[in-house]
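# An overview of the molecular structure
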Amino acid sequence: MPTEQLSQRPAPTGDLPASDRAARRAVTVFPLLVIAAGAVGLLWPAPFTGWAPTVPWLLGVVMFSMGLTLTPPDFTAVAKRPWAVGLGLVAHYVIMPGLGWLIATALHLPPQLAAGVILVGCAPSGTASNVVTYLARGDVALSVSVATVSTVLAPLITPPLTLLLAGQFLDVDAGVMVTDILKTVLLPVLGGLLVRLVAGRRIDRALPTLPWLSALTIAVIVLIVVSGSAARIKDAAALVILAVILHNGLGLTLGYAAGRLARLGKPAGRAMAFEVGMQNSGLAASLATAHFSPAAALPAAVFSVWHNISGAAVAAWMARSERSGARQDRQGQAPPTHAAAD
């Protein structure tokens, strides 16, 4: 979730602002919440099968919370680095949709699952990508910029991309999808931004609770989506999990490679990895349920679990590698002279 309080390099946990500490804890606990929600939906689906109409409203809550974390500097940062942000957007909306289509075709997925995988790929950046970039010691400013712009542009990009790539599998009403994304994504984000501008100090005090609100809301979305198609999950679990792991893993790898090939530096490469490989799977689940079927929402539900697990693991590995490299650099330096010490 974007927040201007995330710094480029993590400080010790005790020195972090309350909102940062809450975000770090939330992104660590989030996969466990989603796994628990998915397990409940799979094992006891009956109580939740009628909750599907609430999914767009729940997604609106997540997007409104995202809007509350945004400030004008998040948008001015885009103008300061147009090349890097533009590259991130192109990488995001080319790599993940393309991978979704390739994986669906290569695995010969049934039409509903194929459309679901492609829809995940056509979604904007994931709401946790900024915090994961922060934990990985990546370029947080670039991550926030790409996530913000990809979300704002989603009504214009996601529907036509889905129509282009998934139209061979299922009928896609791109016009209605545009309206749905405007209502469930863009308007809540803009509403949250407006509230932040009007009541900034009060919202600042509430910032530590926002990551938890988003985490719990997305967990409920996963619970509803999984419960709506529990039987299908049991039949196609292995195939869906394979597709999701390939999609996410290749997205993280190619996103990092794009940043490094563009010579943006290691921190920017890490940001690119997460902005490409982590998707707004809550939006994908909502759109799949509304426009296709509960079966089409399965990839989004599994992706919501997996990309947070893999993102947290990759971030920990990147941060550890960064610390190891820094230690080696310090050890390789000559001892300071007395003059230098003075």
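Note that the structure is predicted; figures quoted are calculated from it, not measured.

What follows covers the overall build of the protein chain. Along the protein chain, the regular secondary structure elements total 16 helices and 0 strands. Expressed as a percentage of the 342 residues in the protein chain, the buried residues total 54%. A fraction of 86% describes how many contacts in the protein chain between residues 6 or more apart in sequence connect residues 24 or more apart. Of the accessible surface of the protein chain, which amounts to about 14600 Å², a share of 69% is contributed by carbon and sulfur atoms.

Its 14 residues give helix α2 (residues 55-68) an end-to-end C-alpha distance of 20 Å, which sits within 8% of 20 Å, the value for a rise of 1.5 Å per residue. Among all positions of α2, only Val55, Leu58, Leu59, Gly60, Val62, Met63, Ser65, Met66, Gly67 and Leu68 are buried. In the core, the buried residues of α2 are packed alongside α7 (140-152), α9 (174-198), α10 (200-206), α11 (210-228) and α14 (281-291).

What follows is about the layout of surface pockets. Leftover empty space is mapped by rolling, across the atoms, a probe with the size of a water molecule. By volume, the largest pocket amounts to about 340 Å³. Lining the largest pocket are 21 residues; nearest its centre among them are Ile233, Ile241, Ala301, Val302 and Val305. Taken together, the elements giving at least two residues each to the lining of the largest pocket come down to α1 (18-43), α11, α12 (230-261) and α15 (298-332). With 8 residues, the top contributor of residues to the lining of the largest pocket is α12. Taken together, the residues of the lining of the largest pocket sort by class into 19 nonpolar, 1 polar and 1 charged.

Between helix α4 (residues 82-106) and α12, whose axes approach to 10 Å, the crossing angle comes to 150 degrees. Classed by the angle they form, the pair α4 and α12 counts as roughly antiparallel. Between α4 and α12 lies a crossing whose hand is right-handed. Where α4 abuts α12, its residues Leu87, Ala91, Ile95, Met96, Leu99, Gly100 and Ile103 lie against Ala243, Leu246, His247, Leu250, Gly251, Leu254, Gly255 and Ala258. When the residues that make up the contact of α4 with α12 are grouped by side-chain class, the tally is 11 nonpolar, 4 polar and no charged.

In this fold, His307 is placed in helix α15. For His307, a relative accessible area of 4% puts it in the buried group. Polar side-chain contacts of His307 include one of 3.4 Å to the backbone nitrogen of Gln279. With residues up to four places along the chain from it excluded, the contact list for His307 reads Asn248, Met278, Gln279 and Ser281.

The next point concerns the nonpolar core. In this structure, Met63, Leu109, Leu119, Leu142, Met177, Ile181 and Phe292 are the most contacted members of the largest nonpolar core, which totals 74 residues. Ranked by residues supplied to this core, first place goes to α4 with 11 residues. Those residues in contact with Met63 that lie beyond four places of it in its chain are Thr127, Thr151, Thr184, Val185, Pro188, Val189 and Asn280. Membership of the second largest hydrophobic core comes to 14 residues, among which are Tyr134, Ala136, Val144 and Leu252.

Before going further, it helps to examine the packing of α11 against α12. Packed helices, taken two at a time, are described by their axes: the angle between them and the distance between them. The geometry of α11 relative to α12 is characterised by a closest axis approach of 5 Å and an angle of 80 degrees between their N-to-C directions. Considered as vectors, α11 and α12 are oriented roughly perpendicular to each other. Side by side, α11 and α12 meet where Val226, Ser227 and Gly228 of the first sit next to Ala230, Arg232 and Ile233 of the second. A class-by-class count of the residues in the contact of α11 with α12 yields 3 nonpolar, 2 polar and 1 charged.

All told, the structure shown has 1 aromatic pair when counted by the stated rule. For the pair Phe48 and Trp51, a centre-to-centre distance of 5.1 Å together with 90 degrees between the ring planes defines the contact as edge-to-face. For Phe48, a relative accessible area of 15% puts it in the buried group.

The rules behind each value
Every chain's residues receive numbers from 1 upward, in the order its sequence appears when written. Restriction of local features to residues with pLDDT of at least 70 applies here, the model being predicted, together with a cutoff of 80 or more for giving and counting side-chain atom pairs; totals for whole chains, interfaces and linings are based on all residues. Water and hydrogen atoms play no part in the side-chain values, which are based on all heavy atoms of the structure. The numbering of helices and of strands both runs from the N terminus, where a helix is a DSSP run of H or I of at least 4 residues and a strand a run of E of at least 2. The classification of residues rests on relative accessible area computed with a 1.4 Å probe and restricted to protein chains. Under 20% of the type maximum is buried, over 50% is exposed, and intermediate values are partly exposed. The contact criterion used throughout is that any non-hydrogen atoms of two residues lie within 4.5 Å. For every accessible area listed, the method is Shrake-Rupley and the probe measures 1.4 Å; residues are considered covered only by the protein chains on display. By this rule, a helix spans an expected 1.5 Å times one less than how many residues it contains. As defined here, a cavity is a set of points on a 1 Å grid over the protein atoms alone where a 1.4 Å probe fits but cannot get out. A pocket is an open set with protein on both sides within 12 Å along at least five of seven lines, and residues line them when an atom is within 4 Å of a point. Grid points are joined across faces, edges and corners, and a volume is the space filled by probe spheres set on the points. All residues other than Ala, Val, Leu, Ile, Met, Phe, Trp, Tyr, Cys, Pro, Asp, Glu, Lys and Arg, Gly among them, are scored as polar; the first ten of these are nonpolar and the last four charged. Think of each axis as a best-fit line through the C-alpha atoms, taken over the contacting stretch in the case of a helix, with angles from 0 to 180 degrees between the N-to-C directions. Any angle that falls under 35 degrees is termed roughly parallel, while one over 145 is termed roughly antiparallel, one within 65 to 115 roughly perpendicular, and all others oblique. Take the far helix as your reference; a near helix turned counterclockwise from it by less than a right angle gives a left-handed crossing, and one turned clockwise gives a right-handed crossing. We define a polar contact as two N or O atoms separated by no more than 3.5 Å, with the added condition that, inside protein, one atom must be a possible hydrogen donor and the other a possible acceptor, whereas residues neighbouring each other in sequence contribute only through side-chain atom pairs. Throughout, nonpolar core names a set of buried Ala, Val, Leu, Ile, Met, Phe, Trp, Tyr and Cys residues whose side chains join them through atoms within 4.5 Å. In summary, the pairing rule links any two rings of Phe, Tyr or Trp, Trp by its six-membered ring, whose centres are within 6.5 Å, and it sorts them by plane angle into stacked for under 30 degrees, edge-to-face for over 60 and tilted for everything else.

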